[in-house]
Amino acid sequence: MAEMIQFHCPACGALLRLPLALAAQQGPCPCCGKIIVAPDPYRGVGAYQPESQAPIEIERPMDSPPPVAPPISPPAPSSHRAVLVLSILLTSTVSLVAGYILGARANWIVSNTPSPLMLPPKMETAPPVSPPVQTVLIKPQPVETPPAPTKASAAAQSALKAFLDAPDWTTRSAYVLHPEKARESMEAYSRKVPDGATPFKSIAIQNSYTDKRSGNTLFIFGVITEQHPTGIPVAVAETVTGWQVDWQAFIEFRDDHFKVFAEGPANQTGRFHLIVSAAPTAPASAVNEHFSSFLLDPPYPGRQQAAFVKKTSDILASLEAATANGGKFTPVLEVKKHSTTDGKSYLEIVRIIDIDWLPEDGI
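Residues numbered from 1 in each chain as written. Predicted model: local features only at pLDDT ≥ 70, side-chain atom pairs only at ≥ 80, totals over all residues. Heavy atoms only, no water.

Undergrad: Would you mind showing me how to read the layout of surface pockets here?
TA: To find leftover empty space, a probe the size of one water molecule is rolled over the atoms. The volume enclosed by the second largest pocket comes to roughly 480 Å³. Forming the boundary of the second largest pocket are 18 residues, of which Lys192, His257, Gly270, Arg271 and Phe272 lie nearest the centre. Of all elements in the fold, only α5 (179–192), α6 (247–254), α7 (257–263) and β11 (268–273) reach the threshold of two or more residues within the lining of the second largest pocket. Looking at the lining of the second largest pocket element by element, the count peaks at five residues for β11. Tallied by class, residues from the lining of the second largest pocket come to seven nonpolar, six polar and five charged. (1 Å grid on protein atoms, 1.4 Å probe; cavity = no way out; pocket = protein on both sides within 12 Å on 5 of 7 lines; lining within 4 Å. Points joined across faces, edges and corners; volume = space filled by probe spheres on them. Helix = DSSP H or I, 4+ residues; strand = E, 2+ residues; numbered from the N terminus. Nonpolar A, V, L, I, M, F, W, Y, C, P; charged D, E, K, R; others polar.)

Undergrad: Explain the state of the cysteines to me, please; I cannot follow it from the model alone.
TA: Note on terminology: disulfide describes a covalent bond linking the sulfur atoms of two cysteines. Enumeration over the complete set of coordinates arrives at zero disulfides. For Cys9, which is in no disulfide, the shortest distance to another cysteine sulfur is to Cys29 and amounts to 3.6 Å. (Disulfide = S-S within 2.5 Å.)

Undergrad: Looking at this structure, I do not really get the pairing of strand β2 (residues 15–19). What am I missing?
TA: With four of five residues buried, β2 lies mostly within the body of the structure. Pairing of strand β1 (residues 4–8) with β2 involves five bridges; the strand directions are antiparallel. By the bridge assignment, His8 is partnered in β2 with Leu15. With antiparallel pairing between neighbouring strands as the criterion, β1 and β2 make up a hairpin whose turn holds six residues, including Gly13 at a positive phi of roughly 85°. (Buried < 20%, exposed > 50% of the residue type's maximum accessible area, 1.4 Å probe, protein only. Pairing = 2+ DSSP bridges.)

Undergrad: It is not clear to me how the pattern of salt bridges should be interpreted in this structure. Could you clarify?
TA: Two side chains with opposite charge may pair up if their charged atoms get near one another. The full count for this structure, using the stated rule, is eight salt bridges. Here Arg43 ties to Asp40 by a salt bridge, and the two come within 3.0 Å at their closest N and O atoms. The buried category is assigned to Asp40, whose relative accessible area is 5%. Residue Glu187 is joined to Arg191 by a salt bridge in which the shortest nitrogen-to-oxygen separation is 3.4 Å. With Glu187 and Arg191 both in helix α5 and four residues apart, the pair spans about one turn of that helix. What makes Glu187 partly exposed here is its relative accessible area of 33%. (Salt bridge = Lys/Arg side-chain N within 4 Å of Asp/Glu carboxyl O.)

Undergrad: Honestly, the sheet that holds strand β15 (residues 332–339) in this entry has me stumped. Any pointers?
TA: Whether parallel or antiparallel, the strands of a sheet pair through hydrogen bonds between backbone atoms. The six strands are arranged β11-β15-β16-β14-β13-β12 in an open sheet whose pairing can be described as mixed. The open sheet has two edge strands with one neighbour each: β11 and β12 (275–278). Across the sheet, the mean angle from the axis of one strand to that of its neighbour is 40°, orientation sign disregarded. Alignment of β12 against strand β13 (residues 291–297), held across four bridges, turns out to be antiparallel. Looking at β13, one finds that Val276 is bridged to Leu296. (Axes fitted to C-alpha atoms, helices over the stretch in contact; angles between N-to-C directions.)

This is the structure in structure tokens:
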């Protein structure tokens with residue numbers, strides 16, 4: 001049991017008791033409300049009022065050496081909270097101290113504890129016994145751990161799945177890049193091609209890019225379907241409104257637009273994501289003095305087409321530099337299909353719209 005100090009309030013004479021560990025602490029008397037300082041047996045100082053008198057020394061027996069004073073915490077800042085804390089300390093009893101030592105280490109809360117220092121003024125009889133202390137220990141509720149942040153690729157894939165599962169173009173438009181621009185084209189396209197979900201077997205990440213200016217990410221997924229066992233490349237970009245799909249490129253690859261264009265009627269122009277490479281060197285007798293040739297491939301096997309560029313075109317140098325030494329160039333091109341007088345046809349590269357397959361307006 002903790003050792004106690006018993007003393008009279010220097011202001012009103014009320015008999016007060018508190019643990020020895022609280023010696024020399026300052027706070028209000030629970031009877032008269034005056035600010036007092038508890039006695040300090042270690043230094044031989046009695047209880048006193050700090051504003052009205054100096055400390056009163058207590059005479060110690062000559063035959064007993066002075067006890068060694070325990071370390072004392074510096075006084076708390078003068079504030080309402082500090083006064084409240086000291087008041088609670090002065091009104092503690094042995095039971096409360098024991099409850100604190102056992103309970104406070106576990107961060108429990110002590111509540112409904114009556115003050116044992118609320119005693120009557122000094123009496124000639126023995127000091128009254130402190131009332132029983134009811135201590136209720138309330139275990140704190142566990143703090144909820146915030147959910148781990150969703151992995152970027154998982155969030156992008158979730159948006160892509162919602163896009164593929166959408167039953168119609170209006171639902172799908174919520175997951176496309178630049179929906180305010182795309183909705184009109186999506187509605188028109190739904191009248192030509194049956195609208196609905198795109199069944200898929202699997203989805204896997206093929207590549208990723210980071211925009212150095214915005215820090216946003218773009219993922220290229222490969223979507224395996226029954227009709228496209230090698231996978232449809234689909235770009236999913238991070239935007240301020242969430243992850244969104246490049247709808248234009250998706251339908252171009254899914255519905256094989258380049259093949260339909262190359263096999264269709266002449267005098268048509270189209271915009272395509274293509275892989276460009278240099279054509280094999282032709283014999284000198286077969287070299288055309290007006291055109292240079294290149295090979296165009298969509299991202300599917302068996303659809304390669306030869307295409308020509310006028311030697312006077314300002315894009316020829318760019319195409320030759322990008323495909324030099326067997327290099328592959330992946331631009332977005334404008335291509336036109338021509339017919340000849342003898343009923344044949346050929347493709348001409350008219351313009352380089354973009355130098356890569358990333359979405360038009362960046363990410």
